Amino acid sequence: MTKFFIDQHGCAKNQTDGELIAGYLLKRGFALTQNVAEASFIIINSCGFIESAKKESIDAVMSIRRNFPDAKIILAGCLAQRYADILADSMPELDGVFGNGDLSKIGDFMESLASAQKTTQIFPQSGVCGGERPVLFNYPASAYVKITEGCSNHCSFCAIPLIRGELRSRPQSEIITEIQRLVDDGIYEINLIGQDLAAYGREPGFAAGFSLRTLLEALSALPGNFVMRLLYIHPDHFDLGILDVMIKDPRFLHYFDIPFQSGDDQIIRKMNRTGSRAAYTKLVEDIRKKIPDCVIRTTFLTGFSGESDAAAENTKSFLSDIRPVWSGCFPYSREEGTPAYSFKGKIPARTAKSRADALTALQSQITADALEKFVGTEVSVIVEEVISAPRDSEQSDCDEALAIGRAWFQAPDVDGNVVVRYDADDPAQADAVQSGNIIKVMILARADVDLDGRFVSLQYDLRKKSERKFIF
């Protein structure tokens, strides 16, 4: 049986693409291996969003070719979709370039590659690719579900429309069916993803009357013990009506990922956004007024073309005003093909990084203050990984075993964690603190962006027999 390995890069949207690729190949009779040395085919599922991500994916190709000279190496994903011809011509290390258009064609591509010298297949962006995902590149009990593909916002700095095309919304019935199957398989945490969840159903030709709010209402009708998190909602399109739906159903986590990008009106306009600092501040206030316990995450770009010292200070003071629990900050990456590529007023990389560092330092203090509020409280935690059982280790004199998990206010991969201490000699505790289970934890202290806690009780045992596997 021919074995393949997937080297995963990029965002959660790209991760679901990798899971779909694995599903299609498994159905075709290929075998997925976690040992890259065993693989006849190595698929690098690349990211092409910003310069550093491109470099990471290209470096992966070079490294894998050096270490596994006999394998067939395929570049898939966003970088492949965006630069297919260039990469096929300039990288002899590659045996194939596939892209991220119609993922269902991956089986045909792999079989043709077996007898071909070099193959490039790039399919147009159409619809939202779906299919079985028997393998999830996640910790147990958590999954991403894509509800849109592409983006029609056309922020001036963003290459997504160039890579993934214009907005396409996935049929509501498909989303509901997939989530129900995931829940039936023991998935507890459903993370809804897309380039902009607020855009769901907004494209011309999509079924009339459908929106993010109607989708959430439909999901609220699903039975089952699970929670849902909304990741990435463009601030210019945020529908406050979804808050009423979320309040009625406690399974919707009060977590909002809203990428503001800047707190300066002039820069916001140059980014081709319609909002303003005042509008964004009011949006945060309105959400908090309606849902006082909400957690807000955001992102900022520093060093965007024309960003003056005063504009940078405006963003910094905006961050101080809205005080999100989490935020990421990235120096601007100038991407060819985007409107901003030709903008004047380029900011030196050192200045952009210095401004990002300043925002990061400020956010660290804001996060510390926010997390302190959880100390002394009991929270539900999804166990991701059991790290150690010290009594079984000759090198440890610690009486406690450790596990890593996340509470509702911590999204996978981007936020902090909860370090869970428990007694591995207690059979009940050792059985409860297992990857994929939901446990109650008393938070004892904050440690930087993480929390330290002690096991209290098992809340939900989600271990069940399923053909779905997890790779993490």
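In this text, all values refer to a predicted model and were calculated from it rather than measured experimentally. (Residues numbered from 1 in each chain as written. Predicted model: local features only at pLDDT ≥ 70, side-chain atom pairs only at ≥ 80, totals over all residues. Heavy atoms only, no water.)

Time to look at helix 13 (residues 349-372). The end-to-end C-alpha distance of helix 13 is 34 Å, a good match for the 34 Å that 24 residues give at a rise of 1.5 Å each. Every buried residue belonging to helix 13 is among A352, R355, A356, L359, L362, Q363, I366, T367, A368, A370 and L371, and all of these are buried. Buried residues belonging to helix 13 abut strand 14 (295-302), helix 12 (309-322), strand 15 (326-331), strand 19 (438-447) and strand 20 (450-460). (Helix = DSSP H or I, 4+ residues; strand = E, 2+ residues; numbered from the N terminus. Expected span 1.5 Å × (residues − 1). Buried < 20%, exposed > 50% of the residue type's maximum accessible area, 1.4 Å probe, protein only. Contact = heavy atoms within 4.5 Å.)

What follows deals with the sheet that holds strand 16 (residues 378-388). On the basis of which strands lie adjacent, the closed barrel formed by 5 strands has the order 16-17-18-20-19 and mixed pairing. Put simply, the sheet's adjacent strands are angled 50° from each other on average, direction ignored. Relative to strand 20, strand 18 (residues 418-422) runs parallel, the two sharing 4 bridges. Looking across to strand 20, one finds that V420 is bridged to G453. (Pairing = 2+ DSSP bridges. Axes fitted to C-alpha atoms, helices over the stretch in contact; angles between N-to-C directions.)

As a further point, take the pattern of salt bridges. Applying the stated criterion across every chain yields a total of 37 salt bridges. Close ionic contact of D369 with R323 constitutes a salt bridge, the shortest N to O distance being 3.1 Å. With D369 in helix 13 and R323 in the loop between helix 12 and strand 15, this residue pair connects regions lying 46 residues apart in the sequence. One network of salt bridges, in which partners are shared, links E19, R133, R170, E174 and E178. (Salt bridge = Lys/Arg side-chain N within 4 Å of Asp/Glu carboxyl O.)

Our focus in this paragraph is helix 5 (residues 106-113). Within helix 5 the residues assigned to the buried category are I106, G107, F109, M110 and L113. The buried residues of helix 5 occupy one face: seen down the axis, they fall within an arc of 160°. Here the buried face of helix 5 lies against strand 1 (3-8), helix 1 (12-28), strand 3 (41-46), strand 4 (72-77), strand 5 (96-99) and strand 6 (119-120). (Arc of directions from axis to C-beta.)

Pairing of strand 19 with strand 20 involves 9 bridges; the strand directions are antiparallel. Looking at strand 20, one finds that M442 is bridged to R454. Count of turn residues in the strand 19/strand 20 antiparallel hairpin: 2 residues, of which D448 carries a positive phi of about 60°.

Moving on to the packing of helix 11 (residues 277-290) against helix 12. Direction vectors running N to C along helix 11 and helix 12 enclose 15°, while the axes themselves pass 10 Å from each other. By the criterion of interaxial angle, the relationship of helix 11 to helix 12 is roughly parallel. Helix-helix and strand crossings are classified by hand; for helix 11 and helix 12 the assignment is right-handed. Between helix 11, through R277, Y280, T281, V284 and R288, and helix 12, the contact on the second element is made entirely by N314, S317, F318, D321 and I322. Broken down by class, the residue content of the contact of helix 11 with helix 12 amounts to 4 nonpolar, 3 polar and 3 charged. (Parallel < 35°, antiparallel > 145°, perpendicular 65-115°, else oblique. Left-handed = near helix turned anticlockwise from the far one by under 90°. Nonpolar A, V, L, I, M, F, W, Y, C, P; charged D, E, K, R; others polar.)

For the rest of this paragraph, the subject is the sheet that holds strand 14. The parallel open sheet is built from 6 strands, whose spatial order is 8-11-12-13-14-15. If you trace the sheet from one side to the other, it starts and ends with strand 8 (142-146) and strand 15, each paired once. Averaged over neighbouring strand pairs, the angle between their axes works out to 20° when direction is ignored. Looking at chain direction, strand 12 (residues 227-230) and strand 13 (residues 252-257) are connected through 2 bridges and run parallel. Following the sheet pairing, L230 is matched in strand 13 by F256. In the packing of helix 13 onto the sheet, the strands contacted are strand 14 and strand 15, and the crossing angle to strand 15 comes to about 175°.

One pass over the full model with this rule turns up 0 disulfides. Summary of cysteine pairing: C155 is not part of a disulfide, and the nearest cysteine sulfur, belonging to C158, is at 6.2 Å. (Disulfide = S-S within 2.5 Å.)

Right, let's talk about the side chain of E335 for a bit. On the secondary structure map, E335 appears in the loop between strand 15 and helix 13. Here K54 takes part through its side chain, which lies 2.6 Å from a polar atom of the side chain of E335. Setting aside residues no more than four positions away along its own chain, E335 makes contact with G48, F49, I50, E51, K54, R82, Y83 and Y341. (Polar contact = N/O pair within 3.5 Å; in protein donor to acceptor, adjacent residues only side chain to side chain.)

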